[in-house]
Amino acid sequence: MINYKEIETKWQARWSSARIFEGEISDKPAYMVTAAWPYTNAPQHVGHLRTFGTTDVLARYMRMKGYNTLYPMAFHATGTPILAFAKRLKNNDQDLISELHMFHVPDDEIQKMTDPMYIASYFIDEIEKGMKKAGYSIDWRRKFVSVEPLFSKFVEWQFGILNEKGYIVKGKHPVGWCPNENNAVGMHDTKHDVEPEIDKETAIKFKIDGEDAYLLCTTYRPETIFGVTNVFVNSDVVYALCKVNDEPIPYYMSKATSQMLSYQLKIERISEVKGADLLQRMCLNPINGAKIPVLPGFFVKEDIGTGIVMSVPAHAPFDYVALEKLRSSGYSMPEIKPVKVLEVKKAGAAAEEPYVDMPALAYINLFSKGEKELDAALEEATKAEYKDESHFGVMIVEGYKGMGEMQAREKITADMVKACSAFEIYVIVNNPVFCRCGYRVTVKLVDNQWFINYGDHAWKDRAREAFMSMTILPEKSRKAFESAIDWIDLRATERAQGLGTKFPLNEDHIIESLSDSTIYMSFYTISYLVRSIPIENLKPAFFDYVFLKKGNIDEVSKATGISYETIKRCRESFSYWYPNTSRHSGPDLIFNHLTMYIFNHVAVFHKEYWPKQIVVNGSVLSEGEKMSKSLGNIVPLMDGMEKYGADPLRFVVVAGADLFSDSEFSAEAVRGVDERLEYLYDLARRIDEFESGELKHIDYWLYSKLNRKIRAVTQSIDKLELRGVSTLALYDSIIELKRYLARGGGNGLALRDYVTNVTMLLAPIVPHFSEELWEMLGNGPFVATERWPSADESMISDKIESEEELLDSVIGDSKQVLDLLRKKTGKEPAELVLIVADNWKTMLNNRLAREKNTGKVIKELNLEDEMFKGVDKDRVMKYVNQLLRKRNTLRIISTDQEEEFRLLNESKLYIESVLRCRPVIEKEGSAKSQRAALAMPQRPAIDART
RNA sequence: GCAGGGGUGGCAGAGCCUGGCCAAAUGCGACGGGCUUAGGACCCGCUUCCUUUAGUGGAUGCAAGAGUUCAAAUCUCUUCCCCUGCACCA
């Protein structure tokens with residue numbers, strides 16, 4: 001048994017006292033890795049090993065490759081989550097408390113957590129402990145927190161630059177809003193954590209005939225305005241006549257929605273009426289002036305849109321049915337004829353004959369079969385029709401004829417907005433969404449909102465330029481970045497609430513928490529050097545010099561009061577570490593953080609300090625499921641390491657899957673790794689029992705495998721394809737070692753070389769275990785500072801490996817023969833003759849493999865040739881035919897009969913040990929067996945007898 | 001809807017770029033056997049079908065279909081299905 005806990009403690013202490021992970025400027029080339037900083041409202045669970053562990057693997061690998069490698073860490077506490085956390089604890093939220101208990105947070109600590117800053121500092125300690133225990137090679141001297149004044153100075157400087165460049169702009173923006181708390185509502189603030197989805201709808205004004213008022217309808221399909229036959233209101237709903245945005249003519253909308261819309265329009269209620277009172281009026285279709293009636297619609301909801309809808313019976317199942325209902329109930333109304341505005345150009349669409357003029361009816365019939373509720377059926381029919389029409393619909397009305405529906409929608413909306421007969425409003429699509437406080441979430445159009453304008457063309461071009469020369473791992477996520485860079489546009493950059501740095505253009509607000517985290521990695525290079533400087537001295541001039549080399553040290557020193565020496569050191573540190581960096585994060589951050597990271601770097605820094613590499617990795621599944629609170633399958637990092645040891649856990653989580661795909665954490669997987677580490681450990685322990693001597697065939701085989709492995713692992717780890725590394729370096733190594741020993745290998749020198757190199761290959765992934773092995777093998781002081789092995793190409797031998805494969809296949813074939821013989825005779829086989837094919841067969845094989853034109857080979861065949869001496873001509877031609885049958889897959893064979901013969905002879909003992917039958921090796925030409933003719937190169941004939 | 005990534009044997013997962021030693025690595029599981037007082041661990045074998053009752057033979061096969069090629073899991077096209085993201089939220 002390996003005592004992981006013991007070796008972890010031992011080596012962590014040694015690393016720390018030798019200070020091998022503290023990055024200082026040296027002659028060596030610099031390399032810096034950074035991982036997305038952890039948020040400080042909970043300790044880490046095993047899933048966090050994925051990003052931080054992978055980053056550590058790269059750091060350790062680059063160190064072994066000869067780079068002076070720095071892995072710093074800091075903590076994120078900006079934004080609202082910590083405030084919300086404190087608030088929930090104040091309210092004695094049991095869910096949260098039980099979650100904290102799961103992480104073994106003691107009750108007296110929980111008591112203190114009503115103070116946001118205490119929350120952060122508590123978890124920072126916990127996270128740091130966990131990371132140290134996991135063995136990350138972090139330089140802890142550089143640690144800082146995103147809400148420190150020290151860091152705020154840096155962020156202020158950054159925003160000064162963004163503002164100077166004109167990237168910060170003001171505008172309006174719709175957000176989910178709780179009218180009760182008067183606050184923006186995101187996914188984490190709603191009941192059941194639903195994201196309030198916001199979409200645009202078109203509000204269309206229908207002038208009431210003979211009255212100075214409009215009915216305001218909302219629709220997702222303004223292009224169907226040509227097919228409007230009437231307007232629906234709900235007779236039981238209260239409607240309000242409202243003055244909107246100080247326009248002279250007021251609008252009717254439901255009272256409920258007038259309340260909701262007041263967060264995006266200026267609304268003044270003048271009077272109220274019952275829906276029933278609006279009936280029987282006529283209004284005018286704004287697109288063509290047609291007079292249409294106002295009718296009662298059973299399905300009209302008071303809290304959706306404006307509570308008034310326009311009716312398009314030809315294309316809307318609900319409208320069609322409502323009108324039918326009215327007609328059959330004998331309601332007095334003018335005759336209504338549906339008007340079709342578009343046709344679906346798609347074979348087999350529901351709206352074919354006989355429904356040419358009534359597509360809606362076609363869809364109703366399609367979905368109303370069975371016992372379905374009417375509403376549900378109409379819902380489905382609407383969805384299907386909407387989908388077909390938006391994909392394949394072609395407009396047939398004058399002015400827009402031939403346009404696709406989507407195109408027409410844009411055009412018609414724009415036209416109507418221009419004519420002041422419509423405007424756009426925002427609505428919550430996934431209605432209703434409730435805030436945690438219980439109130440219905442609505443949309444607020446936030447005014448005076450500051451944005452970072454990532455849509456700036458020149459800026460985008462520079463970001464693209466930087467991106468083009470970056471390495472992206474895995475390469476296949478490159479496309480996602482490309483579309484992210486194209487797509488990113490205005491991004492809100494300040495909020496009313498939360499912890500963080502004050503927003504310079506509005507000191508009442510704070511900088512939004514992703515916006516303050518875009519270039520903080522550069523701060524690592526100086527964070528420990530500026531600790532002693534008084535905050536007020538950290539003026540922009542200082543950062544300007546350190547990061548941009550603006551001005552000269554004397555001036556800056558004078559202007560800021562910071563010493564010449566400190567400024568110089570900071571600048572040197574930055575320019576030493578920052579040119580070569582790798583950034584690590586999860587795929588969910590591609591579309592925000594990582595893209596903003598690129599943009600902000602090109603905005604602030606000189607070209608040589610632009611990002612060089614981004615690594616995106618997947619997440620971790622626990623026993624097949626995504627780790628989540630609700631599933632209760634979160635494994636706290638500390639618990640996991642306590643139970644399994646840091647190294648096996650690192651191995652499973654970090655090397656268990658390739659980048660991008662999720663890795664699976666399970667006890668079963670850990671056990672498999674543990675067993676194999678154990679095997680290496682035991683072997684290392686008794687390595688001195690093996691004597692060294694002259695190298696034999698099997699030793700060369702082991703060396704060949706080893707060097708091939710070194711080459712392959714290096715290639716994989718360069719791309720951080722750690723799954724491949726895990727198979728090659730651990731799993732395959734065990735298989736090879738086992739085979740080597742079974743095959744009679746046991747050369748102390750070869751074994752030691754092999755295990756030593758494998759230890760180095762494993763060192764980045766399982767660092768403590770590797771140090772322990774390293775020491776057991778008599779090496780020192782640290783494998784972590786050793787030079788990464790390089791493959792000795794001269795030791796890689798296809799020939800030796802294929803000979804061993806030949807041996808395996810001979811054994812496999814023989815085994816089947818022997819088994820059949822045993823079964824057939826019921827006796828133990830006494831004799832096993834292996835007959836090696838003559839050289840002429842190899843020659844023929846190789847000629848045919850080389851020459852595509854088989855006819856030519858046969859024509860040139862000279863049976864009088866020396867090599868066919870004494871061979872029956874029919875036998876030759878028979879063999880040629882045999883080869884021709886599979887001529888497309890023939891391969892060149894490089895071993896000749898003599899070598900094959902020798903190999904089998906030398907391996908007799910091994911063959912016997914596996915087959916429990918002593919083999920006799922013969923050559924085809926001199927063999928007496930009738931089966932001799934069956935021999936093929938690399939496939940000896942087998943003759944067994946009892 | 002838009003964008004990105006996928007679909008391989010009981011499961012997980014490589015292979016695909018650079019077509020041919022691919023009936024497809026490796027791990028897990030299942031099954032049979034060995035070891036053991038027993039279990040675990042460990043070791044050996046097996047895990048598409050047919051044929052040959054002495055092996056290296058054949059068929060089918062990598063979501064479905066079509067194509068290119070002497071040859072396709074791998075290249076091209078079409079279809080179906082799954083996952084993730086779509087923002088002001090860390």
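Preceding block: the structure.
Residues numbered from 1 in each chain as written. Chains lettered and ligands numbered in written order. Predicted model: local features only at pLDDT ≥ 70, side-chain atom pairs only at ≥ 80, totals over all residues. Heavy atoms only, no water.

Engineer: Can you lay out the overall build of chain A for me, pointing to particular residues and giving the numbers?
Structural biologist: Looking only at helices and strands, chain A features 33 helices and 30 strands. Relative to the compact-globule value of 30 Å for 946 residues, chain A shows a C-alpha radius of gyration of 38 Å, a clear excess of over 25%. Evaluated residue by residue, chain A yields a buried proportion of 53% over its 946 residues. By sequence separation, contacts in chain A at least 24 residues apart represent 75% of the contacts at least 6 residues apart. Approximately 42400 Å² of chain A is accessible, and the part contributed by carbon and sulfur atoms is 50%. Once the 122 positive and 136 negative side-chain charges of chain A are each reduced to a mean point, those two points are 3 Å apart. (Helix = DSSP H or I, 4+ residues; strand = E, 2+ residues; numbered from the N terminus. Rg over C-alpha atoms; globule rule 2.2 N^0.38 Å. Buried < 20%, exposed > 50% of the residue type's maximum accessible area, 1.4 Å probe, protein only. Contact = heavy atoms within 4.5 Å. Areas by Shrake-Rupley, 256 points an atom, 1.4 Å probe, with all protein chains shown as cover. Lys, Arg positive; Asp, Glu negative; His and termini not counted. Charge placed at Lys NZ, Arg CZ, Asp CG, Glu CD.)

Engineer: How would you sum up the side chain of Arg63? Please name residues and give values.
Structural biologist: You can see Arg63 is positioned in helix α2 (residues 49-64). Among buried charged residues, Arg63 stands out as having no salt bridge; its nearest opposite-charge side chain is Asp56, 5.4 Å away. A polar contact is formed between the side chain of Arg63 and the side chain of Ser137, at a distance of 3.0 Å. Not counting the four nearest positions on each side in its chain, Arg63 is found in contact with Ile20, Phe21, Thr69, Ser137 and Ala784. (Salt bridge = Lys/Arg side-chain N within 4 Å of Asp/Glu carboxyl O. Polar contact = N/O pair within 3.5 Å; in protein donor to acceptor, adjacent residues only side chain to side chain.)

Engineer: Break down the packing of α2 against helix α22 (residues 646-655) for me, with residues and values.
Structural biologist: The geometry of α2 relative to α22 is characterised by a closest axis approach of 9 Å and an angle of 100 degrees between their N-to-C directions. If you check the angle between α2 and α22, you find them roughly perpendicular. Of α22, the residues touching α2 (which contributes Leu49, Arg50, Gly53, Thr54, Asp56, Val57 and Arg60) are Leu649, Arg650, Val653 and Val654. Looking at side-chain class alone, the contact of α2 with α22 contains five nonpolar, two polar and four charged residues. (Axes fitted to C-alpha atoms, helices over the stretch in contact; angles between N-to-C directions. Parallel < 35°, antiparallel > 145°, perpendicular 65-115°, else oblique. Nonpolar A, V, L, I, M, F, W, Y, C, P; charged D, E, K, R; others polar.)

Engineer: Tell me what's going on with the nonpolar core, and back it up with residues and numbers.
Structural biologist: Of all hydrophobic cores here, the largest spans 110 residues; its most connected members are Tyr71, Leu100, Met113, Phe665 and Leu680. Within the second largest apolar cluster, 71 residues are counted, among which are Ala30, Met32, Trp157 and Ala484. (Core = buried A, V, L, I, M, F, W, Y, C linked by side-chain atoms within 4.5 Å.)

Engineer: Break down a nonpolar patch on the surface for me, with residues and values.
Structural biologist: Judged by side-chain polarity, Tyr220, Tyr386 and Val429 come together as a nonpolar surface patch covering roughly 230 Å² of accessible area. Structurally, Tyr220 is set in the loop between β6 (214-219) and β7 (230-233). On the basis of relative accessibility, which here comes to 33%, the residue Tyr220 falls in the partly exposed class. (Patch = residues over 30% accessible without salt bridge, like charges linked within 9 Å, V, L, I, M, F, W, Y side chains within 5 Å.)

Engineer: I'd like a description of the protein's contact with RNA strand B, backed by residues and values.
Structural biologist: Among the 52 residues in the neighbourhood of RNA strand B, the closest are listed as Tyr39, Arg495, Lys738, Lys824 and Arg891. Contact between RNA strand B and Ser483: a sugar or linking oxygen at 3.1 Å from a side-chain N or O atom of the residue. Pro940 places a polar main-chain atom, nitrogen or oxygen, 3.1 Å from a base nitrogen of RNA strand B. Residue assignment for the surface near RNA strand B shows that the elements contributing at least two residues are α15 (478-487), β19 (490-492), α23 (667-685), α25 (722-742), α28 (798-825) and β30 (941-945). Element by element, the count of residues in the surface near RNA strand B is highest for α28, at six residues. Partitioning the surface near RNA strand B into residue classes produces 19 nonpolar, twelve polar and 21 charged. (Near = heavy atom within 4 Å.)

Engineer: Now, about helix α14 (residues 457-468): what can you tell me, with residues and values included?
Structural biologist: When the terminal C-alpha atoms of α14 are compared, their 16 Å separation across twelve residues agrees well with the 16 Å that a helix rising 1.5 Å per residue should span. Listed as buried for α14 are Trp459, Lys460, Ala463, Ala466 and Phe467. Down the axis, α14 shows its buried residues gathered within 120 degrees of arc, on one side only. For α14, the exposed residues set more than 90 degrees away from the buried face come down to His457, Ala458 and Met468. In this structure, the buried residues of α14 make contact with α7 (149-164), β17 (442-453), β18 (471-473), α15 and α20 (590-604). (Expected span 1.5 Å × (residues − 1). Arc of directions from axis to C-beta.)

Engineer: Describe the pairing of strand β3 (residues 168-178), listing the residues and the values that go with them.
Structural biologist: Alignment of β3 against β17, held across nine bridges, turns out to be antiparallel. Looking at β17, one finds that Ile168 is bridged to Ile452. Pairing between β3 and strand β4 (residues 183-184): two bridges, direction antiparallel. Bridge pairing links Trp177 to Ala184 in β4. Counting the residues that bridge the hairpin from β3 to β4 gives four residues, and of these Asn182 lies at a positive phi of roughly 55 degrees. (Pairing = 2+ DSSP bridges.)

Engineer: Describe the sheet that holds strand β29 (residues 919-923), and please don't skip the residues or the numbers.
Structural biologist: Read across the sheet, three strands follow the order β29-β28-β30 without closing on themselves; strand pairing throughout is mixed. A single partner strand is all that each edge strand has here, and the edge strands are β29 and β30. Put simply, the sheet's adjacent strands are angled 20 degrees from each other on average, direction ignored. As defined by bridge partners, strand β28 (residues 831-836) adjoins β30 across five bridges and the pair is classed as antiparallel. In the strand pairing of β30, Leu834 is matched with Ile942. Lying on the sheet, α28 is in contact with β28 and β30; it crosses β30 at an angle near 35 degrees. Contacts from helix α32 (residues 897-906) reach β28 and β29, with the element oriented near 170 degrees to β29.

Engineer: Explain the packing of α28 against α32 residue by residue, including any values.
Structural biologist: Close contact between α28 and α32 brings their axes to 11 Å; oriented N to C, the two are set at 65 degrees. Of the two elements, α28 crosses α32, and the hand of that crossing is right-handed. Across the interface between the two elements, Lys799, Glu803, Glu804, Leu806, Leu807 and Val810 from α28 touch Glu899, Glu900, Leu903 and Leu904 from α32. Classifying every residue of the contact of α28 with α32 gives five nonpolar, no polar and five charged. (Left-handed = near helix turned anticlockwise from the far one by under 90°.)

Engineer: Go over the pairing of strand β8 (residues 238-244) with me, naming the residues and quoting the values.
Structural biologist: Counting buried residues along β8, five of its seven residues qualify, which places the element largely inside the surrounding structure. In this sheet, strand β10 (residues 267-274) lies alongside β8 in antiparallel orientation, the contact comprising seven bridges. Its bridge partner lying in β10, Val238 is registered against Lys274. In this structure, the hairpin formed by β8 and strand β9 (residues 251-254) is closed by a connection of six residues, where Asn245 is found at a positive phi of approximately 45 degrees.

Engineer: Describe unusual backbone geometry, naming the residues involved and giving the relevant values.
Structural biologist: For the bond running from Leu473 to Pro474, omega is -10 degrees, close enough to zero to count as cis. Its location among the elements puts Pro474 in the loop between β18 and α15. In this structure, Pro781 follows Gly780 across a cis peptide bond, with omega equal to -10 degrees. Relative to the assigned elements, Pro781 resides in the loop between α27 (767-776) and α28. One non-glycine residue with positive phi stands out, namely Asp246, at about 60 degrees.

Engineer: Could you give an account of the environment of Leu215, with specific residues and numbers?
Structural biologist: Structurally, Leu215 can be placed in strand β6. A relative accessible area of 1% means that Leu215 is categorised as buried. Leu215 has contacts with Ile204, Lys205, Phe206, Ile208, Val231, Tyr252, Leu278, Cys283, Val294 and Ile308, leaving out every residue within four places of it along the chain.

Engineer: Quick rundown of the sheet that holds strand β20 (residues 494-495)? Include the residues and the values.
Structural biologist: One open sheet holds the three strands; their spatial order is β20-β22-β21, and the pairing between them is antiparallel. Across the chains shown, the open sheet's two edge strands, defined by having one partner strand only, are β20 and β21 (502-503).

Engineer: Lay out the packing of aromatic side chains in plain terms, naming residues and giving numbers.
Structural biologist: This structure, assessed with the given rule, holds 48 aromatic pairs. With 6.1 Å between their ring centres and 85 degrees between their planes, Tyr251 and Phe423 make a pair best called edge-to-face. Placement of the pair is Tyr251 in strand β9 and Phe423 in strand β16 (residues 422-428), with a sequence separation of 172 residues. In terms of burial, Tyr251 and Phe423 fall into one category: buried. Sitting above the plane of the Tyr597 ring, Arg583 keeps its charged end 5.8 Å from the centroid. A cation sits over an aromatic face here: Lys923 above Phe901, 4.7 Å from the ring centre. (Phe/Tyr/Trp six-rings, centres within 6.5 Å; stacked < 30°, edge-to-face > 60°. Lys NZ or Arg CZ within 6 Å of the ring centre and 35° of its normal.)

Engineer: Describe the side chain of Arg60, listing the residues and the values that go with them.
Structural biologist: Following the sequence through the fold, Arg60 ends up in helix α2. Here Gly135 takes part through its backbone oxygen, which lies 2.8 Å from a polar atom of the side chain of Arg60. Excluding residues that lie within four positions of it along the chain, Arg60 makes contacts with Trp15, Phe21, Gly135, Tyr136, Ser137, Arg650, Ala763, Pro764, Pro767 and Ala784.

Engineer: Describe the pattern of salt bridges, naming the residues involved and giving the relevant values.
Structural biologist: For the structure on display, the rule yields 55 salt bridges. Between Glu804 and Arg743 there is a salt bridge whose closest N-O contact spans 2.8 Å. Here the residue Glu804 occupies a position in helix α28, and Arg743 occupies one in the loop between α25 and α26 (748-762), the gap between them amounting to 61 residues. Both residues of the pair, Glu804 and Arg743, belong to the buried class. One salt-bridge network, held together by shared partners, links Arg19, Glu22, Glu24, Asp139, Arg141 and Arg142.

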